[in-house]
Amino acid sequence: MTDNITVFIGSKNDFNDFINKQIEDDEKTIPFMELIQHYNARLRPTESGVKEHDLSDNIVVDNCIVRADDYGSVLEHVLTNFVNIVAINYDIEHLYIHNPPRKVLESLESFYDDIQYKGSQYVSLDRDKLREIYIKLCNDILGQKNCKKKMMSGMYRLITKNSDKPAVLMLYGPSGVGKTESAKSISRTMGGELLRIQFSMMQSNEAYNYIFGAEHSKNSLARDMLARESNVILIDEFDKVHPNFYNAFYELFDEGIFVDTNYRVDLRHTIIILTGNFESEEDIKRTLGPAMFSRIGACIQFEDITTEQKCDIIDKWYTNIVNNLEHDEKIFINKTDILSWFKENAERYDNIRILKTKLENAVFEKLTMEFIMK
C-alpha cells in the first residue's frame, strides 16, 4: 500500500529539485523499474531471476520514484495496473510520480482520494518581466524594431488575465533574420531553455503519431510540452507540415489545452511562437486556412537586415569569439583581416546564421593553421 502520493507535472529539472528537497539521504528509496521486476516475478517466478526471499509481502520503503522516462520502458498493461504494481510487494510511505500518462492517473484516482498535485512554477508575465524581455531582445536582436514592438503587444494580453488563451505569435519573413533567435531570447528571460518543435521534419506517419499521440512508449508533442523548461514554445516552420495536422492545435490556441491519446497538457498563459517563410498575411491565410489564421493573435513580419546592421552583428559576434580565446590566440586573430573582410563583404550574406558560421569558420581555420598545423 501507499500512504502518500504526489503527482508532479513539469520539467525534469524541476522534478529532480523537488525530489531532492523531499527525500533525506538516509531514507530507503526504490525506483519504479525495480517494482516492475518484482511484479513480473510474481507473474512468472521461474523466468524472472528474482530470488524468492525478495518476493515477500509488505516490504517497507520510505519512497518510490516514478520518472517520466519509465513509462517508455513498460508494456501497456503496466499503465492500467499501475496501482496493483505499486502495492503488490511494498508498503510505500511516499510515492512520487512525474508526468504520468492518462491511464496511470485514472488508475491512481480510482483507488486513492488524497493525491497531492505539484508542478513547475513557470515565470509569470507582468509589466516588469515584459520590459525585461524587450531589453534583452534589443540586446540580442539587432534591428527589427517594429517586430519587437508587435511582439510586446502580442504578449501584453497575458498580463491582463482576461482569458486563459495562450499568446500565439506568428513570426514570418526570410530565413536567418532573427525569428528563432527572438524566441530563444524570450525563453531565456522567462526562465528556461526553449522548447523547439521543428515542423520541417513532420512529413511521415511518425509525425502524425508524434502530434496526435500513439503508443505510450513513443515520444510525443504532448509529452515534450509537459516537460518544457519555460512557458515559451517555438513551433518552427509551421507552414511545412500537412494541413491535416492543424486540427490538433485548434483547442490549444482557443483554450490553452492540448490533448492527445495519452496526455492532457495545460498551456494557459503560455507564449506560443510560430515561424514561417511567408511573404504576407494573405500568404499565411491562404496556406494555413481561415480557421487556423483566425486563431493567431499577431502576425509579425521580419524584414531583411540592412548592411549597416549586418556590420554591427559582425562586430558583436567577432568580439564574442575573440573574448573566448587564449591570450596568444587573441593577439594572432586581431592581426588578421578577418573582421575587416567580413564587414566589407557583408552584403554577400542574406542569411545571418550562415554569416555567423562563415565568420566562426574563418577564425578557427586561421587558428588551426597557426597553432596546430604549422
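Residues numbered from 1 in each chain as written. Predicted model: local features only at pLDDT ≥ 70, side-chain atom pairs only at ≥ 80, totals over all residues. Heavy atoms only, no water.

Within an unreviewed UniProt entry, the label attached to the chain reads ATP-dependent Clp protease ATP-binding subunit ClpA, and the organism entered is Anaerostipes hadrus.

Caption draft 1: Main features of the overall build of the chain. What the chain contains, in helices and strands, is 18 helices and 12 strands. When the backbone C-alpha atoms are referred to their principal axes, the chain occupies close to 75 × 60 × 40 Å. Here the chain, with 374 residues, has 46% of them falling under the buried criterion. Taking as baseline every contact in the chain between residues at least 6 positions apart, the subset at least 24 positions apart corresponds to 79%. (Helix = DSSP H or I, 4+ residues; strand = E, 2+ residues; numbered from the N terminus. Buried < 20%, exposed > 50% of the residue type's maximum accessible area, 1.4 Å probe, protein only. Contact = heavy atoms within 4.5 Å.)

Caption draft 2: Representation of the side chain of Ser107. Looking at where Ser107 falls in the secondary structure, it is placed in helix H6 (residues 102–111). Ignoring anything within four residues of it in the chain, the contact list for Ser107 reads Leu79, Thr80, Asn81, Phe82 and Val83.

Caption draft 3: Expanded view of the sheet that holds strand S2 (residues 29–31). Read across the open sheet, the 5 strands follow the order S2-S3-S4-S1-S5; overall the sheet is parallel. This sheet does not close on itself; its edge strands, each paired only once, are S2 and strand S5 (115–119). If you compare each strand with its neighbour and ignore which way they point, the axes differ by 25 degrees on average. The pairing of strand S1 (residues 2–9) with S5 spans 5 bridges and is classified as parallel. Bridging across to S5, Ile5 finds its partner in Ile115. Relative to strand S4 (residues 90–98), helix H1 (residues 12–22) is tilted by about 150 degrees, and along the sheet it contacts S1, strand S3 (59–66), S4 and S5. This element, H6, spans S1, S4 and S5 of the sheet and lies at about 145 degrees to S5. (Pairing = 2+ DSSP bridges. Axes fitted to C-alpha atoms, helices over the stretch in contact; angles between N-to-C directions.)

Caption draft 4: Representation of the packing of aromatic side chains. Applying the stated criterion across every chain, the model contains 18 aromatic pairs. A ring pair is formed by Phe342 and Tyr349, whose centres lie 6.1 Å apart and whose planes are at 25 degrees; its orientation type is stacked. For the pair Phe342 and Tyr349, one class covers both residues: buried. Following the ring pairs from residue to residue traces out a cluster consisting of Phe199, Phe238, Tyr246, Phe249, Phe253 and Phe258. (Phe/Tyr/Trp six-rings, centres within 6.5 Å; stacked < 30°, edge-to-face > 60°.)

Caption draft 5: The arrangement of the nonpolar core in detail. Ranked by size, the top nonpolar core spans 64 residues in total, and within it Leu108, Met170, Phe238, Phe249 and Phe258 carry the most contacts. Shared between two domains, this core holds at least three residues of each, these being domain 1 (2–119) and domain 2 (127–301). Counting 46 residues, the second-largest nonpolar core is a separate cluster that includes Leu125, Ile159, Ile273 and Leu359. (Core = buried A, V, L, I, M, F, W, Y, C linked by side-chain atoms within 4.5 Å. Domains from an automatic or database assignment.)

Caption draft 6: Quick peek at the sheet that holds strand S12 (residues 298–301). The sheet built from 5 strands is open, its strands ordered S7-S8-S11-S6-S12 with parallel pairing. The sheet is open, and its two edges are formed by strand S7 (195–198) and S12, each paired on a single side. Taken pair by pair, the neighbouring strands of this sheet meet at an average axis angle of 20 degrees, ignoring direction. In the sheet, S7 pairs with strand S8 (residues 232–236) via 4 bridges, with the strands oriented parallel. Note that in S8 the partner of Arg196 across the bridge is Leu234. Contacts between helix H13 (residues 281–288) and the sheet are confined to strand S6 (167–172) and S12, with S6 contributing the most and set at about 115 degrees to the helix.

Caption draft 7: Highlighting the environment of Asn99. Structurally, the position occupied by Asn99 is in the loop between S4 and H6. Counting along the chain gives 119 residues from Asn99 to Lys218, while the straight-line C-alpha distance between them is 14 Å. In this structure Asn99 touches Phe8, Ile9, Gly10, Ala68, Tyr71, Leu226, Ala227 and Tyr263, once residues within four positions along its chain are discounted. Of note is the side chain of Asn99, whose polar atom sits 3.3 Å from the side chain of His98. (Polar contact = N/O pair within 3.5 Å; in protein donor to acceptor, adjacent residues only side chain to side chain.)

Caption draft 8: The pairing of S8, seen in detail. Of all 5 residues that make up S8, 5 are buried, and the element is covered over most of its length. One ladder, built from 4 bridges, connects S8 with strand S11 (residues 271–276); its direction is parallel. When the sheet's bridge partners are listed, Ile235 is paired in S11 with Leu274.

Caption draft 9: Up close: the pattern of salt bridges. Under the criterion given, the structure shown has 14 salt bridges. Notably, a salt bridge pairs Lys103 with Glu76, separated by 2.1 Å at the nearest N-O pair. Taken as a pair, Lys103 in helix H6 and Glu76 in helix H4 (residues 76–80) lie far apart in primary sequence, 27 residues in all. Using a relative accessible area of 33% as the deciding quantity, one classes Glu76 as partly exposed. Overlapping salt bridges bring together Lys129, Glu132 and Lys136 as one network. (Salt bridge = Lys/Arg side-chain N within 4 Å of Asp/Glu carboxyl O.)

Caption draft 10: Up close: unusual backbone geometry. A positive phi angle, near 55 degrees, is found at Glu237, a position not held by glycine. By the element assignment, Glu237 lies in the loop between S8 and helix H12 (250–255). Residue classification places Glu237 among the partly exposed positions, given a relative accessible area of 23%. At His269, a residue that is not glycine, the phi angle is positive and equals roughly 65 degrees. For His269, the position within the fold is in the loop between strand S10 (264–266) and S11. Judged by its relative accessible area of 29%, His269 is partly exposed.

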